[in-house]
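Examining the three-dimensional arrangement
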Amino acid sequence: MVQKRSMAFVRVGSLKLLPPGSATHFEIGGGDAVAVCNVAGVLHAIDGICPHSGGPLGHGALDGPILNCPFHAWEFDCRTGVNTADEDLKQATYPVKVEDGEIFVDLP
């Protein structure tokens, strides 16, 4: 029998920090991070550490749904986690919800 990995919504920060068209980097402990993007009012969360050289994706620029790593400009679609240059390279994505002005991400 295959067991599913248990996930839990974790508060990462305030929605005030994330106006439409922006991205934010949130530390989640253990050296991990999540990048949360606000694409036209819809929030998306992806693994916040770039696989190329460990750049903090949430500190990068957001152009529509495309998030650019601030270190070497690797680009990821924050809705799917897919790298724009190599569709086989994909960051993990996570469900997001907002409650009482606070952002929660469903993390493993």
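Anything mentioned here points back to the structure above.
Residues numbered from 1 in each chain as written. Predicted model: local features only at pLDDT ≥ 70, side-chain atom pairs only at ≥ 80, totals over all residues. Heavy atoms only, no water.

As for the sheet that holds strand E9 (residues 96–99)
The strands that make up a sheet pair up through hydrogen bonds in the backbone, lying either parallel or antiparallel. Overall, antiparallel pairing links the 3 strands, which are arranged E1-E10-E9 in an open sheet. Of all strands in the sheet, those with a lone pairing partner are strand E1 (8–14) and E9, marking the two edges. In this sheet, neighbouring strand axes are inclined to one another by 35° on average, regardless of whether the strands run parallel or antiparallel. The pairing of E1 with strand E10 (residues 102–107) spans 6 bridges and is classified as antiparallel. Bridge assignment links Arg 11 to a residue of E10, and that residue is Phe 104. (Pairing = 2+ DSSP bridges. Helix = DSSP H or I, 4+ residues; strand = E, 2+ residues; numbered from the N terminus. Axes fitted to C-alpha atoms, helices over the stretch in contact; angles between N-to-C directions.)

Some thoughts on the sheet that holds strand E8 (residues 93–94)
Spatial strand order, E2-E3-E4-E8: 4 strands in an open sheet with antiparallel pairing. Of all the strands in the sheet, the pair left with one neighbour each is strand E2 (22–29) and E8. Sheet analysis places E2 next to strand E3 (residues 32–39), joined by 7 bridges and oriented antiparallel. Within the sheet, the bridge partner assigned to Thr 24 lies in E3 and is Val 36.

Some thoughts on the pattern of salt bridges
Tallied over the full model, the rule gives 3 salt bridges. As a salt-bridge pair, Glu 102 and Arg 11 come within 2.7 Å of each other at their nearest N and O atoms. Separated by 91 residues along the polypeptide, Glu 102 in strand E10 and Arg 11 in strand E1 bring together distant segments of the chain. (Salt bridge = Lys/Arg side-chain N within 4 Å of Asp/Glu carboxyl O.)

Describing the pairing of E3
Burial analysis of E3 places 7 of its 8 residues in the buried class, the great majority of the element. What sits between the antiparallel neighbours E2 and E3 is a turn of 2 residues, in which Gly 30 has the positive phi angle 65°. With 6 bridges connecting them, E3 and strand E4 (residues 42–47) associate as antiparallel partners. Among the inter-strand pairings, Ala 35 is bridged to a residue of E4, identified as Ile 46. The hairpin formed by E3 and E4 contains 2 residues between the paired strands, and Ala 40 there has a positive phi angle of roughly 55°. (Buried < 20%, exposed > 50% of the residue type's maximum accessible area, 1.4 Å probe, protein only.)

Focus: the packing of aromatic side chains
Scanning all chains against the criterion turns up 0 aromatic pairs. Looking at Lys 97, its charged tip hangs above the ring of Phe 9, at a distance of 4.3 Å from the centre. (Phe/Tyr/Trp six-rings, centres within 6.5 Å; stacked < 30°, edge-to-face > 60°. Lys NZ or Arg CZ within 6 Å of the ring centre and 35° of its normal.)

Looking at the side chain of Ser 22
The topology assignment puts Ser 22 in strand E2. Note on Ser 22: relative accessible area 17%, which makes it buried. In this structure the side chain of Ser 22 is engaged in a polar contact, spanning 2.6 Å, whose partner is the backbone oxygen of Pro 19. Setting aside anything within four residues of it in sequence, one finds Ser 22 in contact with Val 36, Cys 37, Asn 38 and Leu 62. (Polar contact = N/O pair within 3.5 Å; in protein donor to acceptor, adjacent residues only side chain to side chain. Contact = heavy atoms within 4.5 Å.)

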